Amino acid sequence: MCGIAGTVFNKDFLKGEEVAINDLKESLNSIRNNSNNSEILLEQAWKYKSNINFLRFCKDNNEKYDLKILCSSIKELADQKRIEIANIDKSSSLEPYKRAVKECEQIMDTHWFLSEEIYRWVSTIEEISNSKIESLDDSKIVFYKDVCKVIHAIDNRLELRGRDSLGLSILINSDNFQHNISDYPIDDHTKETYNFFNNSRHQTHTFTFKTCSSIGALGDNAKEIKDLINKNKFFNKLIQLGNIESATIMAHTRWASVGSVNIQNAHPTSLINNSADNCNQTLALLNGDIYNYKEIINDAKKGNEKLINASECTNDSLAIPAYLLNKGNLDLKMAAAMAADFSGSFAISIQQTSNSENITLVKKGIQGLYLGFSYDGMMFASDVYGLVESCRYFMPVESDTAMNISSRECSAVDNIQFEIMSYKSGDSKSFSKKDLQITNITTRDIDKRGYEHFLEKEIYETSDIVERTINGYLQPHKALDLDNLISAISMDNAQVPAFIISSLQRKEIKKVIITGMGTCYTAAVAISMYM
């Protein structure tokens, strides 16, 4: 099981929704005065992550100071709400308790967005650009922000699906960049590649950064990729001095199922067609399995054997660029024909220098593929976990579909600029915000939060879990009736159906089986001993 993620960039980037610190303060005060709900504050926090606000935060020290003070106030309110939750009388209804818990969670999510996520973007941008963020102009900051969003989608999130290798592919369209790559030697050509193409509209540069290791910890691969970008002087010179028009960015984390764990098998898989009439490079990511990959590759070797063998790739993703060799410029009809010729279950992401302003996505079967939308852009990922740092809105992609994500017409939640084609019927379908779902998780739920390992995080969060369990099922001390201790337990039919309670009271249930796995098994044993 692998994970993929990606996005697109344009120098005329979408600004998103403007939110001032005073807007957040007013919403916070409204919650204190019980005249507003926390949903509005949380929505403003999502919007604050838009480019227009992030750029203001990066360049304005007063903004940073004001946000820091605001975060302290938000944290105080969250702590106050937790105390209030512990004292809610649930004897007549659990609804007030549920509303209070939801409100507290939304306040804590708001605090997390503004006190952690914004600063992590700054930290990663400075790390990979080797520059202070104040020294970069706006379009460069947004470009690096898009790169770091894709890296973060993998780091400690999608790599939970598999982490024996990580690859990042960045295709950049620029105008008249004159520096020579030979002046910026690459240390390890197996981990980094660079190729250049002159297209009719612009210059196209492709960069890949790869790392692999069968043994390691979550986050190790992302650190290696960020270090490779940081040390690649030519890449950062192009970003900071070249006139970048647009870019496409995609990444892959691998759990090897076909082929050894090595750099050659790390995605993206790439082949370059050097024919005089169609010189282009195809880079591909695969999540899933192509069952007939050997047949596809062997067929493509007719006339291209030396080129394909030189790749040294032995996994099934090689079938994608091999299939597309000598077939001209990639379009959705060609992508549909490829999917029809491949047997298996997969989600595929493709960059091609002859179609350099698009990422082509293809899905067949049950492999996960989701589109995420924020107020200033969109992403794709193999799981919602890869989207939730920047995208509140998302939609799952159905099987037997293909689409182009364009950097020329950037999409956002209120302005979706592309269609999804069913490659069986040939019909294309447009969609809008009303077709999207709202995620019920944030990175606060899935982040290690500064702990070295997730197990360490879970150990230190035990007290919070116990507190939530007690608050959810037991009455506060002030509401206890000492002559009727059974009333101390607060449950509704959604938690334990009434017929089970009545059956227990009539002693009709003779046996209870408690199941659990991992730490839940330990809890199951403890409960059985208590019973």
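Our structure is the block above this text.
In every chain, residue numbers begin from 1 and rise along the written sequence. Only residues with pLDDT of 70 or above have their local features reported here, since the model is predicted, and side-chain atom pairs are shown and tallied only from 80 upward, although totals for entire chains, interfaces and linings are computed over all residues. Excluded from the side-chain calculation are hydrogens and water; included are all heavy atoms of the structure.

**Student:** I'm lost on the packing of helix H6 (residues 138-154) against helix H8 (residues 233-241) in this one. Help?
**Tutor:** Two numbers describe a pair of packed helices, the interaxial angle and the distance between the axes. Note on method: axes are straight lines fitted to C-alpha atoms, helices fitted across the in-contact stretch only, with angles between N-to-C directions ranging 0 to 180 degrees. Put simply, DSSP marks the helices as runs of H or I at least four residues long and the strands as runs of E at least two long, and each gets a number from the N terminus on. One way to put it is that H6 packs onto H8 with a least axis distance of 9 Å and a crossing angle of 135°. Relative to H8, H6 is oriented oblique. Taken together, the residues of H8 that come into contact with H6 (itself represented by Lys140, Phe143 and Tyr144) are Phe235, Asn236, Ile239 and Gln240. Here the angle decides the label: under 35 degrees means roughly parallel, over 145 means roughly antiparallel, 65 to 115 means roughly perpendicular, and every other value means oblique. Whether two residues touch is decided by their heavy atoms; if any such pair falls within 4.5 Å, the residues are in contact.

**Student:** Sorry if this is basic, but what is going on with the sheet that holds strand E11 (residues 378-381) here?
**Tutor:** Sheet strands associate in pairs through backbone hydrogen bonding, adopting either a parallel or an antiparallel arrangement. Strands pair, by our definition, only if DSSP identifies at least two bridges between them. Pairing in this open sheet of nine strands is antiparallel, and the strands run E3-E4-E2-E5-E1-E11-E10-E12-E16 from one edge to the other. Because the sheet does not close on itself, it has two edges, and the strands there are strand E3 (192-198) and strand E16 (437-438). For strand E1 (residues 3-10) and strand E5 (residues 243-254), the ladder comprises eight bridges, and the chain directions are antiparallel. Directly across from Asn10, in E5, lies its bridge partner Ser246. Seen against the sheet, helix H7 (residues 220-231) touches strand E2 (165-175), E3 and strand E4 (203-212) and runs at an angle of roughly 140° to E4.

**Student:** What is the right way to read the side chain of His205 from this model?
**Tutor:** Relative to the helices and strands, His205 is located in strand E4. Relative accessibility thresholds used throughout: buried, under 20% of the residue-type maximum; exposed, over 50%; partly exposed, between the two (1.4 Å probe, protein chains only). Using a relative accessible area of 1% as the deciding quantity, one classes His205 as buried. Reaching out from His205, the side chain makes a polar contact with the side chain of Ser174 at a distance of 2.9 Å. Every residue in contact with His205, bar those within four places of it in the chain, is listed here: Ile170, Leu171, Ile172, Ser174, Phe177, Tyr194, Asn195, Phe196 and Leu238. Here a polar contact is recorded for every N or O atom pair within 3.5 Å, except that within protein the pair must consist of a potential hydrogen donor and a potential acceptor, and residues adjacent in sequence are included only if both atoms are side-chain atoms.

**Student:** Could you clarify how one ought to interpret the sheet that holds strand E8 (residues 344-352) in this entry?
**Tutor:** Strand order in the open sheet made by the seven strands is E6-E7-E8-E9-E13-E14-E15, with antiparallel pairing throughout. Each of the sheet's edge strands pairs with one partner strand only, and the pair in question is strand E6 (269-273) and strand E15 (428-429). Pairing analysis gives six bridges linking strand E9 (residues 358-364) to strand E13 (residues 401-406), with the strands arranged antiparallel. Looking at the pairing, Thr360 lines up with Asn404 of E13.

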